[in-house]
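# Results of the structural survey
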Amino acid sequence: MTTHEKYMDRCLQLARIGLAAAMPNPSVGAVIVYKDTIIGEGFTSAYGGAHAEVNAINSVEDQELLQQSTLYVSLEPCSHHGKTPPCSDLIITKKIPRVVIGCIDTFAEVSGKGIKKLQDHGIEVTLGVLEEQCRESHKRFFAYHEKKRPYVILKWAASADGFIAPLHKEELKPVWISNIYSRQLTHKWRSEEQAILVGTQTIIDDNPSLTVRSWKGRNPIRMYIDRDLKISSAYAITDDFASTICITAQSETPIDTVSYEKIDFETAVIPQIMDICYKRQIQSIIIEGGLQTLQAFIQANIWDEARIFESNIVLNNGIKAPLIRTYKSRTVESVAEDRLLLLKNN
């Protein structure tokens with residue numbers, strides 16, 4: 001690993017800390033190095049707060065050293081006024097002579113303008129250090145601005161013989177297929193994404209709350225598809241523990257704690273849901289079920305990754321797991337006795 005890569009890797013570590021709170025901004029990491037020593041670092045504050053570069057610069061005790069230092073940042077510094085002033089202006093004001101950037105910001109308001117502004121003021125700019133890893137770190141932000149939709153994560157658990165649920169349930173509750181550690185990991189994932197979506201039947205069968213209970217973090221925005229408004233206020237998803245959006249064909253708004261979005265179910269449903277997410281600035285979403293909803297995203301080829309738990313439990317019969325025939329990459333991890341398959345889309 002080169003010196004540039006070492007410090008950029010630290011930027012990526014910092015970026016992960018601010019991931020959940022920063023959205024819909026990207027969570028960026030920044031490091032300031034003086035004579036091979038880190039003298040300042042920071043990550044993006046909660047939405048509306050200071051960006052990573054500002055936090056890193058402000059953390060430096062001796063501000064005079066900035067004029068002899070190198071700033072490392074995982075994403076191109078902004079050059080426009082949003083909720084905060086441009087980071088590129090602060091870098092110029094502080095006379096930082098060198099800036100190393102992981103990847104270019106493809107957001108139209110920036111998209112190379114920050115780099116040009118720095119270069120126009122005589123600052124030495126190095127691009128593309130750990131670029132692939134930086135784009136992966138900012139994948140939600142890039143999906144939102146490049147594809148005009150959130151980053152879509154499919155998630156389900158399947159038995160050893162390929163079923164996601166039994167055909168019949170005796171009670172209104174989930175039948176756990178994955179182990180307790182996998183379920184805790186699922187709650188961690190929920191805390192890292194902006195929204196979560198399920199279909200009507202999943203709510204009727206399992207009565208999920210779709211909140212973060214086994215992990216410390218904020219609850220995602222809950223979304224559910226309910227064409228004919230079958231879901232009443234008796235279901236957990238309609239409580240006031242998290243913001244909730246119902247996708248429906250009806251004009252009524254019967255539950256006060258739920259926000260309603262009307263779509264046309266006679267045309268392609270998934271693109272309409274993605275448009276709603278884009279309008280609401282939702283940059284990432286987990287699709288947790290059921291079969292019909294998951295398969296609809298797969299058939300529409302509107303997904304970015306799939307996280308599939310494979311259990312050693314055998315159901316013998318039930319509802320078959322969704323099927324993904326093509327993907328770009330596949331990795332396998334272990335979560336106790338469960339296997340976790342991670343698929344990336346083309």
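Here we summarise the structure given alongside this text.

Cut-off values and rules
Residues numbered from 1 in each chain as written. Predicted model: local features only at pLDDT ≥ 70, side-chain atom pairs only at ≥ 80, totals over all residues. Heavy atoms only, no water. Helix = DSSP H or I, 4+ residues; strand = E, 2+ residues; numbered from the N terminus. Rg over C-alpha atoms; globule rule 2.2 N^0.38 Å. Buried < 20%, exposed > 50% of the residue type's maximum accessible area, 1.4 Å probe, protein only. Contact = heavy atoms within 4.5 Å. Areas by Shrake-Rupley, 256 points an atom, 1.4 Å probe, with all protein chains shown as cover. Lys, Arg positive; Asp, Glu negative; His and termini not counted. Charge placed at Lys NZ, Arg CZ, Asp CG, Glu CD. Core = buried A, V, L, I, M, F, W, Y, C linked by side-chain atoms within 4.5 Å. Salt bridge = Lys/Arg side-chain N within 4 Å of Asp/Glu carboxyl O.

Across its full length, the protein carries eleven helices and 16 strands. The C-alpha atoms of the protein give a radius of gyration of 22 Å, which matches the 20 Å a tight globule of 346 residues would have. C-alpha extents for the protein along the principal axes are approximately 70 × 45 × 35 Å. Buried positions account for 51% of the 346 residues belonging to the protein. Restricting to contacts in the protein with at least 6 residues of sequence separation, those with at least 24 account for 68%. Here the protein displays about 16,300 Å² of accessible surface, and carbon together with sulfur accounts for 49% of that area. Once the 39 positive and 42 negative side-chain charges of the protein are each reduced to a mean point, those two points are 1 Å apart.

Our next topic: the nonpolar core. Counting residues in each nonpolar core, the largest one holds 35 residues, and the members touching the most others are Met8, Tyr72, Ile91 and Val99. Secondary-structure elements contributing two or more residues to this core are α1 (3-17), β1 (29-34), α3 (52-58), β3 (70-75), α4 (87-93), β4 (98-103), α5 (113-120) and α7 (139-147). Of the residues forming this core, the biggest block, five residues, is contributed by α1. Ile164, Met223, Ile225 and Leu341 belong to the second-largest nonpolar core, a separate cluster that totals 32 residues.

Most of the time, phi is negative for any residue but glycine, and the peptide bond is trans. Omega for the peptide link from Met23 to Pro24 comes to 15 degrees, which places this bond in the cis form. Cis peptide bonds are those with omega within 30 degrees of zero, and the linkage from Gly289 to Gly290 qualifies with -5 degrees. The phi torsion at Lys35 lies on the positive side, around 50 degrees, for a residue other than glycine. By secondary structure assignment, the location of Lys35 is in the loop between β1 and β2 (37-43). The class of Lys35 is exposed, set by a relative accessible area of 64%. Positive phi, close to 55 degrees, is recorded for Ala336, a residue that is not glycine.

As a further point, take the pattern of salt bridges. Overall, the coordinates contain 18 salt bridges when judged by the stated rule. One salt bridge in this structure joins Lys116 and Asp120, with 2.9 Å as the shortest N-O distance. Of this pair, Lys116 and Asp120 both sit in helix α5, separated by four residues, roughly a single helical turn. For the pair Lys116 and Asp120, one class covers both residues: exposed. Salt-bridge contacts for Asp304 lead to Arg149; the nearest nitrogen and oxygen are separated by 2.8 Å. Of the two residues, Asp304 is situated in the loop between α11 (291-299) and β13 (305-310) and Arg149 in the loop between α7 and β6 (151-158); the sequence distance between them amounts to 155 residues. When its relative accessible area of 9% is taken as the criterion, Asp304 is described as buried. Among the charged side chains, a salt-bridge network with shared partners connects Glu136, Lys139, Glu305, Arg307 and Lys344.

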